[in-house]
Amino acid sequence: MKVLAVTSEIYPLVKTGGLADVAGALPSALAGLGVEVRTLVPGYPSVMSRLDGTTPAAKALNVLGVDCRLVQATVEGLKLIVLDAPALFDRPGGPYNGPDGKDHPDNWHRFAVLSMTAALVAGGALDDFTPDLVHAHDWQAAMAPAYLRFAKIDKPSVITIHNMAFQGQFPARIFSGLQLPPEAFSIDGVEYYGGVGFLKAGIQNASAVTTVSPTYAREITTPGFGMGLDGLINSRSADLHGIVNGIETETWDPASDGRLEKTYTSRTLKGRAINRQATAKRFGLEDDNSPLFVVISRLTWQKGIDLLAEVTPDLVAAGARLAVLGTGDAMLEGRFLELSAAFPGRVGAIIGYDENLAHLLQGGGDAILIPSRFEPCGLTQLYGLHYGCVPVVARTGGLADTVVHANTAALNAGVATGIVHAPDSANALRQAVLEAVSLYGDAKCWANMQRQGMKADVSWQRSAAAYAELYASLLN
Ligand code: ADP
Ligand code: GLC
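Remember, it's a predicted structure, so these values are computed and weren't measured experimentally. Sequence order as written defines residue numbering, which begins from 1 separately in each chain. A letter from A marks each chain and a number from 1 marks each ligand, given out in the order of writing. Since the coordinates come from a predicted model, pLDDT governs what is reported: local features require at least 70, and pairs of side-chain atoms require 80 or more to be given and counted, while whole-chain, interface and lining totals use all residues. Heavy atoms from the whole structure form the basis of all side-chain values; hydrogens and water molecules are not counted.

Comments concerning the pairing of strand E13 (residues 292-299)
Filter applied, for reference: Buried means the residue's accessible area, taken with a 1.4 Å probe over protein chains only, is under 20% of the maximum for its type, while exposed means over 50%, and partly exposed covers the values in between. Strands here are runs of E lasting at least two residues and helices are runs of H or I lasting at least four, both read from the DSSP assignment and numbered beginning at the N terminus. In this analysis, strands are considered paired if DSSP registers two or more bridges between them. Handedness of a crossover is defined as follows: orient the strands so they point away from the viewer, and if the path from the first strand over the helix to the second runs clockwise, the crossover is right-handed.
With seven of eight residues buried, E13 is to be regarded as a mostly interior element. Bridge count between E13 and strand E14 (residues 321-328): eight bridges; the pairing is parallel. Note that in E14 the partner of Val294 across the bridge is Ala323. Crossover handedness for the path E13 to helix H12 (residues 305-317) to E14: right-handed. Both E13 and strand E16 (residues 367-370) contribute to a ladder of two bridges, which runs parallel. What sits directly across from Val294, in E16, is Ile368.

Next comes the structure, spelled out in structure tokens:
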């Protein structure tokens, strides 16, 4: 079976969050199940620079008025089809915004071209690869199912929703630039509240809809989590699947992770102390035996980071330390810089994106805090489990599906892997932090929880099989 994956991020070439990790890891997990995946990605500078030295096969196309080349290459074991369209993607800044942090004004065009290219590849544009199925990720690729339908290319498609909060909504005036037939501007096409909705178009037109955890799949059928698309999600409930993410257990393996100060296994947990010391040093924290809480996150409302800022003085009063690595809202960044100034040696914040440091924090932190208001899946709790960095998480989405709360029954049965609290509440978060501090005081109990987490199967194996099964069902 041949699958064309379509994504705007892929680790290790371009990453702003978990989508990149998923797009980078799923293909090799699927390869073992007889599914050949090639991934269509935009030719950002960070992608194009990785093609040096390869001898890629290229195909010239004009898509929605833009001259492009489709460049095929294998990079870091990933079979890529790179959409080399300098007019759209050869720009400074991130994948979606310029150096000033503002969205590119032509994002609709950039990602419509990506999506239409996917449909062209499905229709046979490449000589050596015609997929049986298209798997589009998030709004940036979500027009692909619509292009398949309106170009009458009879191939099944899957849209995966990684985050309902990002929908790709644009004004009606862009419709003419999409080169779709007039009838596509309708409620069962791409029209959305009088404009054009990319994610809406994907959910409406794909053969199947998936999201990244069973709990989030249920949550998005409600107005609070569906964010305007809950009606449509409900209408597609027969084709909706919640498949929890896995992690890439080669890049993320505490026994061999070169980004750690010291590698370790569940039998040599003591080795974590060296990483903890190194972490404390990086964040300007005192080196003592108090619990070290860590955060590796986008600093945004979704992640409940404002709640954590509120609770931080209590965390410090309980004798713990906090190391925060993140970027995001300027106000939240400022809050944590202020908190680290207010509690020197107890709270440290590094504002930035640092993949190496993220690994060190998982290998050195005692507990990772993820107080999200909503969390489609979440990967940092999975890395935390795998690294013995005990997750303290809000009961929502994938967090609820992957962490076993340390209540008395779970502790007695030896199955607890973390602490789960009610979402969207500073009080609940405060209680969870205090609970963690108290459990940490019982070294044996804490180590049991760490080991139990490290035993959990967070690999892609099971979930890749679920995708393979879904693909097969759509091809039959
Ligand atoms: P989301 O995709 O919503 O941001 P996830 O938990 O799914 O959340 O994925 C976040 C990914 O980004 C993880 O791989 C995490 O380690 C990484 N990450 C987030 N913030 C940073 C940061 N400041 N520095 C390094 N890695 C980060
Ligand atoms: C999104 C979600 C996150 C999820 C990631 C990968 O960014 O916010 O919860 O883990 O996608 O699926």
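Structural notes on the pattern of salt bridges
Stated formally: Salt bridges are defined by distance alone: a side-chain nitrogen of Lys or Arg within 4 Å of a carboxyl oxygen of Asp or Glu.
This structure, assessed with the given rule, holds 20 salt bridges. Among the ionic pairs, Asp84 bridges to Arg69, the shortest N-O distance being 3.0 Å. Here Arg69 lies in strand E4 (residues 66-75) and Asp84 lies in strand E5 (residues 78-84), a separation of 15 residues in the sequence. Given the relative accessible area of 37%, Arg69 is considered partly exposed. Note that Asp457 is salt-bridged to Arg462, the shortest N-O span being 3.5 Å.

Observations regarding the site of ligand 2
Put simply, the rule is: Nearness is defined per residue: one heavy atom within 4 Å of the molecule or strand is enough. Here a polar contact means two N or O atoms within 3.5 Å. Within protein one must be a hydrogen donor candidate and the other an acceptor candidate, and residues neighboring in sequence count only if both atoms are side-chain atoms. With residues, only the protein chains shown are counted as cover, and all accessible areas are computed by Shrake-Rupley using a 1.4 Å probe.
In the neighbourhood of ligand 2, 14 residues make up the surrounding shell, with His162, Asn245, Glu375, Cys377 and Gly378 lying closest. For ligand 2, an oxygen atom lies 2.4 Å from a polar atom in the side chain of Glu375. At a separation of 2.7 Å, an oxygen atom of ligand 2 approaches a polar backbone atom of Gly378. Protein chains bury 92% of the 310 Å² of accessible surface belonging to ligand 2 in isolation. At three residues, the largest contribution of residues to the shell around ligand 2 is made by helix H1 (residues 18-31).

Focus on the packing of aromatic side chains
Our working definition: Any Phe, Tyr or Trp ring, taking Trp's six-membered ring, that has another such ring centre within 6.5 Å forms a pair; planes under 30 degrees apart are called stacked, those over 60 apart edge-to-face, and the others tilted.
Counted by the stated rule, this structure contains 14 aromatic pairs. Arranged with centres 6.3 Å apart and planes meeting at 50 degrees, the rings of Phe89 and Phe111 form a pair that is tilted. Separated by 22 residues along the polypeptide, Phe89 in helix H3 (residues 86-89) and Phe111 in helix H4 (residues 107-122) bring together distant segments of the chain. Residues Phe89 and Phe111 agree in their burial class; the two are buried. Between Phe111 and Trp139, the aromatic rings sit 5.4 Å apart at their centres with planes inclined by 80 degrees, giving edge-to-face as the arrangement. Separated by 28 residues along the polypeptide, Phe111 in helix H4 and Trp139 in helix H5 (residues 138-141) bring together distant segments of the chain.

A word on the pairing of strand E17 (residues 390-394)
On any regular strand, side chains alternate: one points to one face of the sheet, the next to the other face. Extensive coverage of E17 is indicated by the burial of five of its five residues. Side chains Val390, Val392 and Ala394 project from E17 onto one buried face, and the interleaved Pro391 and Val393 project onto a second face that is buried too. Pairing of E16 with E17, which is carried by four bridges, proceeds in the parallel orientation. Within E17, the position partnered with Ala367 by the bridge is Val390. Where E17 and strand E18 (residues 419-421) come together, three bridges link them in parallel fashion. Looking at E18, one finds that Val392 is bridged to Ile419.

Regarding helix H14 (residues 355-364)
In plain terms, the rule: Any two residues having at least one pair of non-hydrogen atoms within 4.5 Å are treated as being in contact.
Among the ten residues in H14, nine count as buried, and that is most of the element. Listing the buried residues of H14 in full gives Glu355, Leu357, Ala358, His359, Leu360, Leu361, Gln362, Gly363 and Gly364. Of the surrounding secondary structure, the elements contacted by the buried residues of H14 are helix H11 (272-282), E13, E14, strand E15 (347-351), E16 and helix H15 (380-387). Sitting at the amino-terminal end of H14 is Asp354, which places a side-chain oxygen 3.1 Å from the backbone nitrogen of Asn356.

Some details on the domain arrangement of the protein chain
Using the following cut-off: The split of the chain into domains comes from an automatic or database domain assignment. Buried area counts how much accessible surface, traced with a 1.4 Å probe, disappears from two parts once they are put together, with both parts' losses summed.
Splitting the protein chain by domain gives domain 1 (2-246 + 460-475) and domain 2 (269-455). Placing the centre of domain 1 and that of domain 2 at their C-alpha centroids yields a distance of 32 Å. Each partner contributes residues to the interface: domain 1 has 20 residues there, and domain 2 has 17 residues. Across the domain 1 to domain 2 interface the summed buried area is about 1400 Å²; carbon plus sulfur atoms make up 59%. Joining domain 1 to domain 2, the criterion identifies one salt bridge. Linking Glu355 and Lys15 is a salt bridge whose minimum nitrogen-to-oxygen distance equals 3.2 Å. Every element with two or more residues in the side of domain 1 that touches domain 2 is listed here: H1 and helix H8 (214-219). For the side of domain 1 that touches domain 2, the element with the most residues is H8, which contributes four residues.

Structural notes on the site of ligand 1
Short version of the rule: Three categories are distinguished: nonpolar for Ala, Val, Leu, Ile, Met, Phe, Trp, Tyr, Cys and Pro, charged for Asp, Glu, Lys and Arg, and polar for the others, with Gly belonging to the last.
Not every one of the 20 residues close to ligand 1 is listed here, only the nearest: Lys15, Gly18, Asp21, Arg298 and Lys303. The separation between an oxygen atom of ligand 1 and a polar main-chain atom of Gly18 is 2.6 Å. Between an oxygen atom of ligand 1 and a main-chain N or O atom of Thr380, the distance comes to 3.5 Å. Protein burial of ligand 1: of its 560 Å² of free accessible surface, 92% is covered by the chains. Every element with two or more residues in the shell around ligand 1 is listed here: H1, E13, E14, H14 and H15. Here the shell around ligand 1 takes three residues from E13, the largest share from any one element. A class-by-class count of the residues in the shell around ligand 1 yields six nonpolar, seven polar and seven charged. Shared between two domains, the shell around ligand 1 takes at least three residues from each, and those domains are domain 1 (2-246 + 460-475) and domain 2 (269-455).

Structural notes on the packing of H12 against helix H13 (residues 330-342)
Just so we agree on the cut-off: Angles here are taken between N-to-C directions and fall from 0 to 180 degrees, while the axes themselves are lines fitted to C-alpha atoms, restricted in helices to the stretch in contact. Working definition: roughly parallel below 35 degrees, roughly antiparallel above 145 degrees, roughly perpendicular at 65 to 115 degrees, and oblique for all remaining angles. What makes a crossing left-handed is the near helix being turned counterclockwise from the far one by less than a right angle; a clockwise turn instead makes it right-handed.
At a closest axis distance of 10 Å, the pairing of H12 and H13 adopts a crossing angle of 15 degrees. Put simply, H12 runs roughly parallel to H13. H13 is crossed by H12, and the crossing has left-handed handedness. Judged by residue contacts, Ile305, Asp306, Leu308, Ala309, Glu310 and Thr312 of H12 engage Leu332, Arg335, Phe336 and Leu339 from H13. A breakdown of the residues in the contact of H12 with H13 according to their chemical character gives six nonpolar, one polar and three charged.

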